[in-house]
Amino acid sequence: MGTAQLWLRDAARRHLTVQQRRRIAWARLTARLPTGNLRKLPSFLVLGAQRSGTTSLYGYLSQHPDIVPPLRKEVEFFSRYRDQGVRWYRAHFPLRFDRRRSYDCTPDYLFDPGVPLKAFELLPDAPLVVLLRDPVERAWSAFRHIESLGLVHGSFEEALRNEELAAEEWPSRTWYRHSYLRRGLYADQLERWLGVYPRHQLLVVFAEDLFSDPIRVLHTIEGFVGLERWTPPRFDNWSYSKRSDARAREAETMATSTRDRLTEYFAEPNSRLEQLLGHPLPW
């Protein structure tokens, strides 16, 4: 899919409500279901993390000439729709005679503890790509995103306090939406995947590197998943919203006391992550 097509699709989505987008997505999927068993499974998975550049990576990869993007970015098969069956999952991807490849980019996969084994049962040989971001910045970005959707009210500090109320509600939507700190415990999440998949099938890259040196990171990912090296004409931030209220939220800053508290909270988990990866973190 070319850059112009992606931008047109993105622009159209901005003028639709969430409910309208869902109805359109389900209508497109329903039309594909009869050919589901004639379609491929994805060649590789982008697991997350949420608010760590996965939307931009999806935009870059979807322009690759040897890629057909899935019917939607977040297929969520292993996290939400496993009971729909494999034909439902295949319906998101190209027909088998299409020599191009496809992939599944669902940020909840990294976080959901039930996903690794389910994914391995269906895709044991799939390369796995993980994008990580400074967990303090990730938590703040997640809050602003949820706030922009009208799904949370009050301050960031209140949201952090309320997160514990959802701790026992897995796998509810509340648990998915309001996990600001738990999603930043990356070592725990990677260890779950490495308990199922061999280490050589998992590539960890950083959002900070993706946006500071996108060509290098994209080429690393392409080589890892077996794609020919290719560079898009532009490296746009695909998650950026043009809405004025969203721009205002982008300009807001986290309270210094809150940042200090979260930095302390993530100090030990970040140390564990460094030991797991074997190199320093970029944050």
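For the structure itself, consult the block above.
Everything numeric in this text was worked out from a predicted model, so none of it was measured.

**Quick word on the overall build of the protein**
Within the protein, the secondary structure is distributed over 15 helices and four strands. By residue count, 47% of the 283 residues in the protein fall in the buried class. In the protein, the proportion of contacts linking residues at least 24 apart, taken out of those at least 6 apart, comes to 77%. Split by element, the accessible area of the protein, about 13700 Å² in all, is 52% carbon and sulfur.

**A word on the sheet that holds strand 1 (residues 44-48)**
The parallel open sheet is built from four strands, whose spatial order is 2-1-3-4. Of all strands in the sheet, those with a lone pairing partner are strand 2 (103-105) and strand 4 (202-206), marking the two edges. The average angle at which neighbouring strand axes cross in this sheet is 15°, direction not considered. Pairing of strand 3 (residues 128-132) with strand 4 involves five bridges; the strand directions are parallel. Across the sheet, Leu131 pairs through a bridge with Val205, a residue of strand 4.

**Focus: the packing of aromatic side chains**
For the coordinates displayed, the defined rule picks out 22 aromatic pairs. Between Phe78 and Tyr89, the aromatic rings sit 5.3 Å apart at their centres with planes inclined by 70°, giving edge-to-face as the arrangement. Highlighted residues: Phe78 in the loop between helix 3 (54-61) and helix 4 (86-90) and Tyr89 in helix 4, separated in sequence by eleven residues. Each ring, one from Phe120 and one from Tyr197, has its centre 5.2 Å from the other, and the planes form 90°; the classification is edge-to-face. Taken as a pair, Phe120 in helix 6 (residues 115-122) and Tyr197 in the loop between helix 10 (186-194) and strand 4 lie far apart in primary sequence, 77 residues in all. Relative accessible area serves as the criterion here: at 2%, Tyr197 is assigned to the buried category. An aromatic cluster of at least three residues, connected via ring pairs, comprises Trp26, Phe77, Phe78, Tyr81, Trp88, Tyr89, Phe93 and Tyr109.

**Points about the environment of Leu131**
Topologically, Leu131 is positioned in strand 3. In sequence terms Leu131 and Val204 are 73 residues apart; their C-alpha atoms lie 6.0 Å from each other. Not counting chain neighbours up to four residues away, the residues in contact with Leu131 comprise Gly48, Ala49, Ser52, Gly53, Thr54, Leu57, Val205, Phe206, Ala207 and Leu210.

**Focus: the pattern of salt bridges**
For the coordinates displayed, the defined rule picks out ten salt bridges. For Glu191, the salt bridge goes to Arg272, with nearest N and O atoms at 2.9 Å. In this pair, Glu191 is assigned in helix 10 and Arg272 in helix 15 (residues 267-277), connecting sequence segments 81 residues apart. Judged by its relative accessible area of 37%, Glu191 is partly exposed. Each of Asp188, Glu191 and Arg272 takes part in one network of salt bridges that share partners.

**Observations concerning the nonpolar core**
A general tendency of soluble globular proteins is for nonpolar side chains to be buried together. By size, the foremost hydrophobic cluster in this structure holds 34 residues, and its most contacted members are Tyr89, Leu132, Leu190 and Trp193. Those elements that place two or more of their residues in this core are strand 1, helix 4, helix 5 (108-111), helix 6, strand 3, helix 10, strand 4 and helix 15. Ranked by residues supplied to this core, first place goes to helix 10 with four residues. Residues in contact with Trp193, not counting those within four places in the same chain, are Leu47, Tyr109, Leu110, Val115, Pro116, Ala119, Leu128 and Leu202. Counting 20 residues, the second-largest nonpolar core is a separate cluster that includes Phe44, Ile67, Leu218 and Trp238.

**Digging into the environment of Val75**
Mapped onto the secondary structure, Val75 falls in the loop between helix 3 and helix 4. Given a relative accessible area of 0%, Val75 falls into the buried group. The sequence separation of Val75 and Cys105 amounts to 30 residues, and the corresponding C-alpha distance is 7.2 Å.

**A look at the packing of helix 14 (residues 256-265) against helix 15**
One can describe the packing of helix 14 onto helix 15 by two numbers: an axis separation of 4 Å at closest approach and a directional angle of 45°. Judged by the inter-axis angle, helix 14 sits oblique to helix 15. Counting all contacts with helix 14, which are made through Thr263, Glu264 and Tyr265, the residues of helix 15 involved are Ala267, Glu268 and Pro269. Within the contact of helix 14 with helix 15, the residues separate by chemical class into three nonpolar, one polar and two charged.

Reading guide: rules and limits
Residues numbered from 1 in each chain as written. Predicted model: local features only at pLDDT ≥ 70, side-chain atom pairs only at ≥ 80, totals over all residues. Heavy atoms only, no water. Helix = DSSP H or I, 4+ residues; strand = E, 2+ residues; numbered from the N terminus. Buried < 20%, exposed > 50% of the residue type's maximum accessible area, 1.4 Å probe, protein only. Contact = heavy atoms within 4.5 Å. Areas by Shrake-Rupley, 256 points an atom, 1.4 Å probe, with all protein chains shown as cover. Pairing = 2+ DSSP bridges. Axes fitted to C-alpha atoms, helices over the stretch in contact; angles between N-to-C directions. Phe/Tyr/Trp six-rings, centres within 6.5 Å; stacked < 30°, edge-to-face > 60°. Salt bridge = Lys/Arg side-chain N within 4 Å of Asp/Glu carboxyl O. Core = buried A, V, L, I, M, F, W, Y, C linked by side-chain atoms within 4.5 Å. Parallel < 35°, antiparallel > 145°, perpendicular 65-115°, else oblique. Nonpolar A, V, L, I, M, F, W, Y, C, P; charged D, E, K, R; others polar.

Everything listed here is a matter of coordinates, which is why it stays silent on function.
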